[in-house]
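Examining the three-dimensional arrangement
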Amino acid sequence: MRDPVALCAEAAAGWHASWLRALGLRSERKKGAWRALDRPPHIYFAGITLEPDVSAKPLATVPGSVCDAWQTLELQEHGYRVWRTEPWFFREPGPTPETSPPELELVAVSSAAEVHEFEVVSVRGFGSEEDSIEPGTYHPPTVLDDEAMKMFIGRVDGLPVAAAMGYRMDDVVGVFGVTTIASARRRGYGTAVTSAAMLTETGLPAILAPSREGERVYRRLGFGRVGELTIWSKASLAMLT
């Protein structure tokens, strides 16, 4: 099996490239790194290391924050600072032991209206329930052109309360953007949308980079820590990745 951290980095780069394409922005893979060529919305990285021994120089000029997947970069001299670190979690293929709460309706996003619904609940889950956004600011419906991108909404009584994404690559599924609105937390909704986003039917392993608060949930789903990433930033950012 490939290095689990390499799988984490590849999935993160694939997921980012997909969203930037949907937004009409350019990116490239070059010299062991993925780089945004146009400035992305602040929730996305502008650079991701794909190998542990990448030079800092190609990433020093990207238009945004950098995901240092192996924590081997030194970017202080280029004006960056460490914004935060996050663990990499990896899970071997296999079914999940969790079941969805009976009141939760799981929706696989398949229309422009559902992409907008997904964006709304994501913004409110990572921010406050009063937050609003211009449709397509972060998640335009053009992403539906990428069959690798799978998005899931959890609804209760017809209202969206949770969301998660699964990005399928050849060797791994990346799980991203897992969130539940504050008033609906601790009811198993986040676990349910995470289980859906893992796409276990593919027979592929899954990766994610959890918040410290979410680690216990993901461990119950069979994930384990395989490394840690560093986020380098030139400004204070509110990240959704």
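Residues numbered from 1 in each chain as written. Predicted model: local features only at pLDDT ≥ 70, side-chain atom pairs only at ≥ 80, totals over all residues. Heavy atoms only, no water.

1. Some words on the pairing of strand β1 (residues 27–30)
For clarity, the threshold we go by: A pair of strands is treated as paired once DSSP finds two or more bridges between them. The numbering of helices and of strands both runs from the N terminus, where a helix is a DSSP run of H or I of at least 4 residues and a strand a run of E of at least 2.
Alignment of β1 against strand β2 (residues 33–36), held across four bridges, turns out to be antiparallel. If you follow R29 over to β2, its bridge partner there is W34. Where β1 folds back onto β2 in an antiparallel hairpin, the turn is made up of two residues, including K31, whose phi is positive at roughly 55°.

2. Section: the packing of aromatic side chains
Quick note on the threshold: When two rings of Phe, Tyr or Trp (its six-membered ring) have centres within 6.5 Å they constitute a pair, described as stacked for plane angles under 30 degrees, edge-to-face for angles over 60, and tilted for the intermediate range.
Summed over all chains, the structure comprises three aromatic pairs. Residues W15 and Y44 carry aromatic rings whose centres are separated by 5.7 Å and whose planes lie at 55° to one another, so their mutual orientation is tilted. Placement of the pair is W15 in helix α1 (residues 4–22) and Y44 in the loop between β2 and β3 (47–49), with a sequence separation of 29 residues. Between W15 and F176, the ring centres sit 4.6 Å apart and the planes meet at 20°, which makes this aromatic pair stacked. Taken together, the residues W15 in helix α1 and F176 in strand β9 (residues 173–180) connect sequence positions 161 residues apart.

3. Quick look at helix α3 (residues 189–197)
Think of an α-helix as turning once every 3.6 residues; residues three or four places apart then point the same way. Note the cut-off: Here the term buried applies to any residue with accessible area under 20% of the maximum for its type, exposed to any over 50%, and partly exposed to those in between, with areas from a 1.4 Å probe on protein chains only. Between two residues, a contact is recorded if the distance between any of their heavy atoms is within 4.5 Å.
For α3, the buried fraction is high: nine of the nine residues fall into the buried class. Regarding α3, the residues found buried are Y189, G190, T191, A192, V193, T194, S195, A196 and A197. Taken together, the buried residues of α3 touch β6 (104–108), β7 (149–156), β8 (159–168), β9, β10 (206–208) and α4 (215–220). Following α3 by one or two positions, L199 has its phi on the positive side, about 50°.

4. Things to note about the environment of V115
By secondary structure assignment, the location of V115 is in helix α2 (residues 112–126). The class of V115 is buried, set by a relative accessible area of 0%. In sequence terms V115 and M151 are 36 residues apart; their C-alpha atoms lie 8.1 Å from each other. Those residues in contact with V115, other than ones at most four positions away along the chain, are V109, H139, P140, P141, L144 and M151.

5. Remarks on the sheet that holds β2
Strand pairs in the sheet, formed through backbone hydrogen bonds, run parallel or antiparallel to each other. Selection criterion: Convention adopted: a line fitted to C-alpha atoms gives each axis, helices being fitted over their contacting stretch, and angles between N-to-C directions are expressed from 0 to 180 degrees.
The sheet built from 11 strands is open, its strands ordered β1-β2-β3-β4-β11-β5-β10-β9-β8-β7-β6 with mixed pairing. Each having just a single partner strand, β1 and β6 make up the two edges of the open sheet. Geometrically, the sheet is characterised by an average inter-axis angle of 20° between neighbouring strands, direction not taken into account. For β6 and β7, the ladder comprises five bridges, and the chain directions are antiparallel. Considered in β7, the bridge of L104 is made with V156. Where α3 meets the sheet, its contacts fall on β6, β7, β8, β9 and β10, and the angle it forms with β8 comes to roughly 30°.

6. Examining the environment of A36
Summarising the element assignment, A36 is placed in strand β2. For A36, the contacting residues outside a window of four places in its chain are L20, R26, S27, A46 and P63.

7. Observations concerning unusual backbone geometry
Despite not being glycine, K31 has its phi angle at roughly 55°, a positive value. Along the chain, K31 falls in the loop between β1 and β2. Under the relative-accessibility criterion, K31 is labelled exposed at 66%. The backbone of L199 sits at a positive phi, close to 50°, despite the residue not being glycine. With respect to the helices and strands, the residue L199 is situated in the loop between α3 and β10.

8. Regarding the pairing of β8
Within β8, seven of the 10 residues are buried, leaving the element largely enclosed by the surrounding structure. The hairpin turn running from β7 into β8, its antiparallel successor, is two residues long, and D157 in that turn takes a positive phi close to 55°. Inspection of the sheet shows β8 paired to β9 by six bridges, in the antiparallel sense. Bridged to M165 within β9 is F176. Taking the residues between adjacent antiparallel strands as the criterion, β8 and β9 are bridged by four residues.

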